[in-house]
Amino acid sequence: MGQKKDLTGSEKSKIVRYLAEGCSSLKIAKLLKRDHRTIKRFIQNSQQGRKKRVEKPRRKITAHELRKVKRAAAKMPLATSLAIFQSCNITGVPKSTRCAILRDTAKVRKAERRPPLNKTHKLKRQDWAKKYLKTDFSKVLWTDEMRVSLDGPDGWARGWIGKGQRAPVRLRRQQGGGGVLVWAGIIKDELVGPFRVEDGVKLNSQSYCQFLEDTFFKQWYRKKSASFKKNMIFMQDNAPSHASKYSTAWLARKGIKEEKLMTWPPCSPDLNPIENLWSIIKCEIYKEGKQYTSLNSVWEAVVAAARNVDGEQIKTLTESMDGRLLSVLAKKGGYIGR
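Because the structure is a prediction, the values reported are computed rather than measured. (Residues numbered from 1 in each chain as written. Predicted model: local features only at pLDDT ≥ 70, side-chain atom pairs only at ≥ 80, totals over all residues. Heavy atoms only, no water.)

Asks: Explanation requested: the overall build of the protein chain in the structure shown.
Replies: Helix and strand content of the protein chain: 15 helices and four strands. Counting only residues that meet the buried cut, the protein chain has 37% of its 338 residues in that class. Look at the contacts in the protein chain between residues 6 or more apart in sequence, and 75% of them connect residues 24 or more apart. For the protein chain, the exposed area adds up to about 21900 Å²; of that, 51% sits on carbon and sulfur atoms. (Helix = DSSP H or I, 4+ residues; strand = E, 2+ residues; numbered from the N terminus. Buried < 20%, exposed > 50% of the residue type's maximum accessible area, 1.4 Å probe, protein only. Contact = heavy atoms within 4.5 Å. Areas by Shrake-Rupley, 256 points an atom, 1.4 Å probe, with all protein chains shown as cover.)

Asks: I'm lost on the nonpolar core in this one. Help?
Replies: The biggest cluster of nonpolar side chains holds 39 residues, and the ones touching the most others in it are W128, W142, V148, M262, I281 and I285. Mapped onto this core, the elements with two or more residues apiece are α7 (119–131), β1 (140–149), β2 (179–187), β4 (233–235), α12 (274–285), α13 (295–307), α14 (311–318) and α15 (321–330). Here this core takes seven residues from α13, the largest share from any one element. Excluding residues that lie within four positions of it along the chain, I281 makes contacts with M146, V302, A305 and A306. (Core = buried A, V, L, I, M, F, W, Y, C linked by side-chain atoms within 4.5 Å.)

Asks: Got a minute to help me understand unusual backbone geometry in this structure?
Replies: Following G193, the chain continues into P194 via a peptide bond in cis, with omega recorded as 5°. With respect to the element layout, P194 can be found in strand β3 (residues 190–196).

Asks: Honestly, the sheet that holds β4 in this entry has me stumped. Any pointers?
Replies: Backbone hydrogen bonds are what pair the strands of a sheet, in a parallel or an antiparallel way. The strand order β3-β2-β1-β4 describes an open sheet built from four strands, whose pairing is mixed. Both outer strands of the open sheet, β3 and β4, are each paired with one neighbouring strand and no more. Taking the axes of each pair of neighbouring strands and ignoring which way they run, one obtains an average angle of 20° across the sheet. Where β1 lies against β2, eight bridges are found, and the strand directions are antiparallel. Paired with M146 across the strands is V182, a residue of β2. Along the sheet, α13 contacts β1, β2 and β3; its crossing angle with β3, the most-contacted strand, is approximately 175°. On the sheet, α14 packs against β1, β2 and β3 and is oriented at approximately 75° with respect to β2. (Pairing = 2+ DSSP bridges. Axes fitted to C-alpha atoms, helices over the stretch in contact; angles between N-to-C directions.)

So this is what it looks like as structure tokens:
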């Protein structure tokens, strides 16, 4: 058996496997037809055959350069460390050093996603806030739809993994593997629904009204007292199927019209408290990067998560409306976050 300089990657993998099976180094040498000394050296030194890393002296930056980096980071949100340092004409700094410096003065964040607000939108949001400033929001039913997919948001499939452990395998499917459209409402401390939109149904004006008839009106609204119906205000956003003439006329025939149907400003999901409910449910059903194998299983998870939302949580959301209106006015119609 001739002695060779280095072991191949395949041979190294075999050595590890043979060692796990309890084979001695001599037996492994015979199985691989390699010199015993080569096998022993590899076992004794896992770095066998690798070049020793040469540590390069790190570039130190001055206090003046550090101030320039801080200003650049403030002016260039979401920029890479390389772009920030290049804008300051600071070169020769390795990535590890750049990140270590920035870590003391900045944080890695994703851009916030929100609808665009122009001047007209802001004026309408202010007008809406002034109109409903004295409204008793315990009588408002806040409604909305949410789509849940089998895979959930990609960015939520991250978390800590112990050293030596492999990350679990995550399925990759087009458009999240498909999804379910869910409708629900909240009023005071009560959750209405959730109700599932039939698979394959596209919500246009006609199908939306039929859906409300089969779920909201038959299963919840008709059980309420006449005084409750008289005082309830129905809120929905400006989706085409909601705000169309057909849907408005249909709701009017159901007695939901004029002051009983809340007008809604454009591009304003931050003003709807049910959006926070959707966040609570999604955090629960997709925790630890959970995925689902069928539409029924993800729907069952939504129902279970909704049942775990207690009345106090819902009441906190609906009672937040006074503060939201004041924030809109204080920010002159600007986005208030959620």
